[in-house]
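Commentary on secondary and tertiary structure
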Amino acid sequence: VTEATGAEREPGEPGLSLAGLAWLLAALAFVALRVGAAFTLPVFGMELDHLSGAWQASIGQDDHRYVPTLFQAISAFFLWAGTGELAPRLLAVVVAATMPLCAWFLRRDLGDGGAFLVLLALALDPVSVALTASGNAAAFDLPLALWLYVGLRRRWLARIPVAAAAGLLAASSGPLPLLLLVAALVTARQPQRYWRALAAGGLGAAVALVLASARFGLGFEELVFPPLDILAAGSERRWSTPTAAEVAILYNVPILIAAGLSVAAVLARVVPRPPGMLSAWLAISAGWWVFSIDHHGPLPAAAVALPAALFLGQPAACALASARRVDLRFAAAGLGIMAFFGVILGANIADWARLERPGDGSERALVALLCLGALVGVGLLVWARATAALAVPALMAAIAFLTPGALELATGGAADPLASPFSPVSARDLRDLALESRATTGLEIVVHPDLAEDVTWPFRDSGVLLVASRIPPAAGFVLWPADAPAPEGFVRLEGSWALTRRIRAPTADGLDYLHWLLDRNTLASRPEGIAVYTRPGQ
Amino acid sequence: LDALAFWLAAMAVWLIALPLAAALLGRLPDAGAGVALPLGLIVAGLAYYLLRVFSVVSAGDAGWLSGVLVLAAVSGLVLRHNRRAWPAMRRSLPGALAAFGLFTLLFFAFTWFRSHVAAIADTEEPMDFLYLNAMLVSPEYPPHDPWFAGEPASYYYFGYLQMALLTAIAGVPSSVGYNLALACVFAAGGSGVVSLAAALVRWLVPRRSALLAPAAGFAALLLLLGVGSLSAPFEWAAAHGHTDEQLFRRFGVQWMVPCTPEELASSERDCYSGAVNPRTTEWYPTEYWFWWRGTRIIPDTITEFPFFSFLLGDLHPHVMSIPAVLLALALVMTTWRGRSVLDWRAHRRLPWHGIAFAMAFGALAFINAWDVITLCAFLALAVALRDVRRLPVGAALLAAVGWLAPVFALAVIAYLPWYLTFSSQASGLSPYIGEGTLPSHAFLQFGIPLGLAVCALPFALRARGWIPAADALAAGLWAPLLPLLAWLGLVALRGELTDAVNGRGDLQWLTLLGYAAVVWLLSSAMWLQLRRNRSVALLAALGGMGALLLYGTELFYIGDIFKGFIPRQNTVFKLSYQAWIILAVAGPAAAVIALRSASLRRPAGYMAVPALLLAAAGLIYPLLALPNRTDNFRVPTRDDGLAFLAESQPEEYALVRWIAASTPRDAVVLEATGQTYRAQEDGTYALDPTGPRIDYGDPGRVASRTGRQTPIGWPGHERQWRGEGLEVGAEINARLDMVDRVYLSGGAEESLGLLAALHATYVVVGRVERERYPADLDAHFGSFLDIVFENGNTRVYAVPVFRPLETS
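Residues numbered from 1 in each chain as written. Chains lettered and ligands numbered in written order. Predicted model: local features only at pLDDT ≥ 70, side-chain atom pairs only at ≥ 80, totals over all residues. Heavy atoms only, no water.

**Let's talk about the overall build of chain B**
Scanning chain B from terminus to terminus reveals 38 helices and nine strands. Here chain B has a C-alpha radius of gyration of 28 Å; the compact-globule value for 808 residues is 28 Å, and the two agree. With respect to the principal axes defined by its C-alpha atoms, chain B has extents near 90 × 80 × 55 Å. When the 808 residues of chain B are sorted by exposure, 60% land in the buried category. (Helix = DSSP H or I, 4+ residues; strand = E, 2+ residues; numbered from the N terminus. Rg over C-alpha atoms; globule rule 2.2 N^0.38 Å. Buried < 20%, exposed > 50% of the residue type's maximum accessible area, 1.4 Å probe, protein only.)

Below is the structure:
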């Protein structure tokens, strides 16, 4: 990639080099995946929580789910103006669409190839797609953190207005930019030289603190610092069906492995040391992810994937460049053997995964032999000092791993645990039924306290509902837990009703995971069942 | 796995705090690695506390990370910008590895021991568990007091907060975290004391004798965490029927001698009245908790020592403060060793030092208020004497005030939110008028650490000529004399001089004299060595400080709730505990140096031999107590402090788990107060005076195990924490009455009114409630409340919810 810069082109001749085309395609893929996701995904996970909070804030109701980040405040404004989830999502996408530009600015740091690989990783990272194409309170986090990193590397933040704006934005977003700023502060060589910029950043943060505490005009309650509020809420709320550990296993494995290998290469001094700030950022983010492995949410995985992607850029590009220099006369045999055995091995294991059971003894022996054969191929490459040739299949494998996830989300995420729990379209139908019942009978819509939070988003703009643990006499349409005894004097409305649906994480065992990797449609969403009761004769 | 996670969390904090410790304590051979954990916990804990108090962080496990993030930022900045930190860390790598290894070894060893006695059920463990849970679940900070709903905790709870931080970061349940917190404090105390004792010896001996440093460290470890009361050999002898009455009486342990029939008939007996034949069935005493008596030897006092604390397993503030006290001692020691003058200008040169000192010494009050005055006084002494080495006395004192004043001011300001919600029960210093301590009791309890500390005298009092020695002895005389004169003055002012002097028996005066002599000689040694060898002077100062604390408790006490009947109980308890920690640092170092300096020409150093033998005798206590406590390690092991509940009362266990998982953090949950009622013939209920005690045991059990608030938990303890004022007493009585009326009232309207007045939304009806309230509770509550939890005969009722939800 580095060398494909259009050397054959005459000076001044207009045209697009191969590298330029690759950049353009990657950037387009980046944006297209997010636009697709914004239009097709149901309201899910963090977004479901935060849009519910934003909706309640927009109608002047206190709701703990409203964390006053700048994005949440704008979302509340959009919802107040009568839009659905699409406007906040498109705003998130528009801001995220600037991220390829960041990668472009990082070419000086990472080299052309490194920066391109960073862009590729960010474009295809499903967690990044989910976070930057949904209306969650931390939707600005990834682009903002990346811009801050670029700004710090290129010393833009030394300028007072930029520093002030950065302070304001970072203090009014989620926790990801904060982690970077802590790393930057800790590793700054002579922070006293930039005291003016630091003061301006502090002032910007103070303004953000005041704005957030005033909930961006929706009323002052107490001092609020949104990054830490979201950090704390991450352990309390179930923002995704899979845990942070499972999110990383399901979606970020190639990036994390590549980053791990890059760290090893840096420690072995095979590649140049990255900036201390990046190392510290990766370490702090990894610490948060380790702490959060059993929390349900995508943020810790996203927090670690971003610096990991930046970390792997340069070493991965070096590895690919080395692969180009490998003498194929020796490497071809190794690669060929590896590919041959690898493909058969993959086919066998894929078969097991589809059948959801491992093969019998002879099949296992065959797989063991195939493993051995593939290893022989790798051994040949190492023996021929052509280990770098592995970089190419590794890159292809990484792309093959990431792409289905990103595409799945861009086309609706119907079977993706990352987009779970989600609010199904049928919940809105239920709301229409309830409103119709109320209009017909004049009786109240009653919701059990356990369902009060789930009902907020699908039942938005439905007037006043009653939250009650005992059915009041004026009740006409009742949403009740499926396992609770039926209320007296009511009949159950037939049908499978749900306010939210969930998709489990495919991590029961290795084959379950493989099966899902091979066929994303193996997981069906399950309704969080509720019972609906009406008065007889309705 | 839980233990591993907790250990990892502690080690992460330790690792992050290492640069900070190196910058502050670079003079120590291990650059502060031995006390880096308490330093890290103080910084991270204070950051979290302030972020919560100012609502910058909301409740939630991940919120605790913000504290660690602040610690990481501070430590990273120090590493980047302090020129001494990184070289000190590199130089002290072996010391850091030793601290790491020792902490790990002690942590897992204690975890193994504790797994035999994991239940959080005895003595005041429910109270400690309550505070740990309160730190974890409180929806607002300062944290609520789960035993006094609606009010903030009024106690020194920073230790609980630090342990909650590790529990949350490790992601372990609080009932497991409680036991692992004990292990963590044990291990941090061990690595801290080894670090300090080894440093003292390292400063005192030339490089070729450096191996003495780990030897002193090991001895210090044993003295702090292993050695116990010298009453244990008597316990062993008595258990096996060897009770020489005369000998036992001479040592003041006649209560181990079996009672005669006449004594048994008496109501006030001072003899052993339990089963005699056989008194033990094993090689060790099998009498239930015989080791408890080892801390109740001096009448009307508690003389706990660290080994006993860890054996018992109460996660009390004075236990959790051990690592912080050692950190403070490390700061005092390095301050003492420094050369430059410390005045207000020093803060301009090194502002971060002053701030760090303020954080560390301010934390002492917040962890265990008893420690702050002693350690701050010691710091003031260290700063003043450091300046005295360079300046004339008057100028030195002025300079010391200039340095100390901002530090102490900031130490208060940093913890101001706590001070504003803490109501101290201390009612000032009073002269003690009473019997005092018998020499035999003082010997049994404090003979070992004091005996080791006086080993410093042979080399510390060595002077060139009589004149400097006489000068020093004259100067040192003020140390015991001033407190005595103050005591005499105060009792004279009260007009009780005769009573005070006559009230103390001859033998008790002898104890006082003995303590005074030790204080005098060690103070003189310190003064003598101040300008000659500051390390010897420091050693003598540490020993003198320990002895002074014991001496002081014979003359004064700090007034508290026990003032009227056992006035000096807490003073002796808390100050002798401090003395034990300080002497654990100084004593072994003194003994090791004395032995090294001993020769046939100078045989005085051999006094360390009997002192060390005495210390070895102190190891009999753990040898006998450990098998007694653990039934000789035959009991099944557990790591969960509530596992006993799951086995013995599964319904209660399910109740606790449900409430923890399913009720909001700010819920007020009604449970039995502990007052027992009986039904009368006319259908009313009367208080049963024969019922169990209101404090201790079951009352407030749900609050303790979940951190959810209840209107009133242990009333006696609330009085201790909040004072005995009329308002507090009236409020406690009103709450007791209201809760009891909710359970015993016949009418729904009255009960709902009371529930609203108490802000309670949940009512527990379990085994305890059914025992205490002889009414048909299910019929009563079932008529107007919702059942939200049911397991066997245990139920939770909730006030019905009815509220509008605006959606447009």
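We are not done yet, so read on.
**Some words on the overall build of chain A**
Scanning chain A for helices and strands turns up 20 helices and six strands. Taking all 538 residues of chain A together, the buried fraction comes to 51%. Contacts in chain A between residues far apart in sequence, at least 24 positions, make up 79% of those at least 6 positions apart. Working note: accessible area of chain A is about 23000 Å², and carbon and sulfur atoms make up 64% of it. In chain A, 37 side chains carry a positive charge and 41 a negative one; their mean positions are 10 Å apart. (Contact = heavy atoms within 4.5 Å. Areas by Shrake-Rupley, 256 points an atom, 1.4 Å probe, with all protein chains shown as cover. Lys, Arg positive; Asp, Glu negative; His and termini not counted. Charge placed at Lys NZ, Arg CZ, Asp CG, Glu CD.)

**A short note on helix α2 (residues 36-53) of chain B**
All names here are of chain B. Counted at 1.5 Å a residue, the expected span for α2 with its 18 residues is 26 Å, and the 25 Å between its end C-alpha atoms agrees. The buried fraction of α2 amounts to 17 of the 18 residues, a majority that puts the element mostly inside the structure. Just downstream of α2 lies S55, where phi reads positive at about 60°. (Expected span 1.5 Å × (residues − 1).)

**Quick word on the environment of T334(B)**
Tracing the sequence through the fold places T334(B) in helix α15 (residues 322-337). Each C-alpha atom of the pair T334(B) and R27(B) lies 6.2 Å from the other, and the pair is 307 residues apart in sequence.

**Looking at the interface of chain B and chain A**
Taken together, the contact between chain B and chain A spans 37 residues of the former and 43 residues of the latter. Taken together, the links from chain B to chain A amount to two salt bridges. For E236(A), the salt bridge is made with R665(B), and the minimal N-O distance between the two is 2.7 Å. Along the contact surface separating chain B from chain A lie 17 residue pairs in polar contact (both at pLDDT 80 or more). Elements with a minimum of two residues in the side of chain B that touches chain A: α3 (63-81), α7 (158-170) and β9 (802-806) of chain B. With ten residues, α3(B) is the single largest residue contributor to the side of chain B that touches chain A. Partitioning the side of chain B that touches chain A into residue classes produces 20 nonpolar, eleven polar and six charged. In this structure, strand β2 (residues 464-468) of chain A lies alongside β9(B), joined through five bridges in antiparallel fashion. From the neighbouring strand, V464(A) faces β9(B), where its bridge partner is E806(B). (Salt bridge = Lys/Arg side-chain N within 4 Å of Asp/Glu carboxyl O. Polar contact = N/O pair within 3.5 Å; in protein donor to acceptor, adjacent residues only side chain to side chain. Nonpolar A, V, L, I, M, F, W, Y, C, P; charged D, E, K, R; others polar. Pairing = 2+ DSSP bridges.)

**What to know about a positive patch on the surface**
Residue and element names in this part refer to chain B. On the surface, R27, R83, R84, R339 and R390 cluster together to form a positively charged patch. In this fold, R27 is placed in the loop between α1 (2-25) and α2. The class of R27 is partly exposed, set by a relative accessible area of 42%. (Patch = residues over 30% accessible without salt bridge, like charges linked within 9 Å, V, L, I, M, F, W, Y side chains within 5 Å.)

**Structural notes on unusual backbone geometry**
Each neighbour pair has its own omega, and for S420(A) with P421(A) the value is 0°, a cis peptide bond. With respect to the helices and strands, the residue P421(A) is situated in the loop between α18 (391-410) and α19 (425-441). Looking along the chain, the bond that leaves Y141(B) and enters P142(B) is cis, with omega of 0°. Assignment of secondary structure puts P142(B) in the loop between α6 (125-137) and α7. Despite not being glycine, A31(B) shows a phi value in the positive range, around 50°. Relative to the assigned elements, A31(B) resides in the loop between α1 and α2.

**Some thoughts on the nonpolar core**
Residue and element names in this part refer to chain B. Ranked by size, the top nonpolar core spans 354 residues in total, and within it W64 and F361 carry the most contacts. If we skip the residues at most four places from it in the chain, F361 touches A328, L331, V332, V372, L375, C376 and L379. Counting residues in hydrophobic clusters, the runner-up holds 40 residues, among them V669, L670, Y743 and Y762. (Core = buried A, V, L, I, M, F, W, Y, C linked by side-chain atoms within 4.5 Å.)

**Here we look at the sheet that holds strand β8 (residues 794-798) of chain B**
Residue and element names in this part refer to chain B. Here we have four strands laid out as an open sheet, ordered β3-β6-β8-β7, and mixed in their pairing. Looking along the sheet, the strands with just one partner apiece sit at the ends: β3 (669-670) and β7 (786-791). Seen against the sheet, helix α32 (residues 650-662) touches β3, β6 (762-765), β7 and β8 and runs at an angle of roughly 135° to β7. (Axes fitted to C-alpha atoms, helices over the stretch in contact; angles between N-to-C directions.)

**Observations concerning the confidence of the model for chain A**
Averaged over all residues, the pLDDT of chain A equals 88, while 96% of them reach at least 70. Counted against residues more than four places away or in other chains, residues 1-7 of chain A, with its pLDDT under 50, gives ten contacts. (pLDDT = per-residue confidence, 0-100.)

**Description of the state of the cysteines**
All names here are of chain B. By the definition in use, this model includes one disulfide over all chains. A sulfur-sulfur separation of 1.8 Å characterises the disulfide bridge that pairs C259 with C271. Judged by the sign of its S-S torsion, about 100°, the cystine formed by C259 and C271 is right-handed. With a gap of twelve residues between them, C259 in the loop between α11 (245-250) and α12 (261-265) and C271 in the loop between α12 and α13 (306-312) connect regions that are remote in the sequence. For C259, a relative accessible area of 15% corresponds to the buried category. We classify C271 as buried; its relative accessible area is 11%. (Disulfide = S-S within 2.5 Å.)

**A few points about the pairing of β7(B)**
On a regular strand, one side chain projects to one face of the sheet and the next to the other, so that they alternate. Residues and elements named next belong to chain B. Of the pairings in the sheet, the one linking β7 to β8 comprises five bridges and is antiparallel in character. Across the sheet, the residue bridging to D786 is A798, located in β8. The antiparallel hairpin formed by β7 and β8 contains two residues in its connecting segment, where G792 sits at a positive phi of about 60°.

**Quick notes on the packing of aromatic side chains**
Enumeration over the complete set of coordinates arrives at 67 aromatic pairs over all chains. For the pair Y677(B) and Y773(B), a centre-to-centre distance of 6.0 Å together with 25° between the ring planes defines the contact as stacked. With Y677(B) in strand β4 (residues 677-679) and Y773(B) in the loop between α37 (767-772) and α38 (777-782), this pair connects stretches of sequence that are 96 residues apart. No difference in accessibility class separates Y677(B) from Y773(B), as the two residues are buried. For R460(A), the ring lying beneath its charged end belongs to W457(A), and the centroid distance is 3.9 Å. In this arrangement the basic side chain of K574(B) is found over the ring face of F573(B), its NZ or CZ atom lying 4.9 Å from the centre. (Phe/Tyr/Trp six-rings, centres within 6.5 Å; stacked < 30°, edge-to-face > 60°. Lys NZ or Arg CZ within 6 Å of the ring centre and 35° of its normal.)

**Quick notes on the pairing of β8(B)**
Residue and element names in this part refer to chain B. Among the five residues that make up β8, four are buried, leaving the element largely enclosed by the rest of the structure. As judged from the four bridges shared by β6 and β8, these two strands associate in the antiparallel manner. Bridging across to β8, V765 finds its partner in R795.

**Some remarks on the environment of F234(B)**
Residues and elements named next belong to chain B. The topology assignment puts F234 in helix α10 (residues 232-239). With a relative accessible area of 11%, F234 lands in the buried category. As a C-alpha pair, F234 and G95 span 139 residues in sequence and 40 Å in three-dimensional space. Each residue touching F234, except ones within four places of it in the same chain, is listed here: L247, F248, F251, V253, M256 and L444.

**Quick word on the packing of helix α10 (residues 175-187) of chain A against helix α14 (residues 276-291) of chain A**
Geometrically, a packed helix pair is captured by the angle between its two axes and the distance between the axes. All names here are of chain A. In the contact formed by α10 and α14, the axes pass within 8 Å of each other and the chain directions differ by 135°. Put simply, α10 runs oblique to α14. In this structure, α10 meets α14 at a crossing whose hand is right-handed. Facing P175, L176, L179, L180, V182, A183, A184 and T187 of α10, the residues of α14 in contact are G276, M277, A280, W281, I284, S285 and W288. Looking at the contact of α10 with α14, its residues break down into twelve nonpolar, three polar and no charged. (Parallel < 35°, antiparallel > 145°, perpendicular 65-115°, else oblique. Left-handed = near helix turned anticlockwise from the far one by under 90°.)

**Section: helix α3 (residues 70-80) of chain A**
All names here are of chain A. Of the residues making up α3, those classed as buried are F71, Q72, A73, S75, A76 and L79. Looking at the buried side of α3, the elements it contacts are α2 (45-58) and α4 (86-96). Two residues or fewer past α3, G82 is found with a positive phi of approximately 100°.

**Here we look at a nonpolar patch on the surface**
All names here are of chain B. Side chains of L477, W478, L481, L482, L485, L488, L497 and V501 sit close together on the surface and give an oily, nonpolar patch of about 650 Å² of accessible area. Here the nonpolar patch takes five residues from helix α24 (residues 478-493), the largest share from any one element. On the secondary structure map, L485 appears in helix α24. L485 gets classed as partly exposed once you look at its relative accessible area, which sits at 45%.

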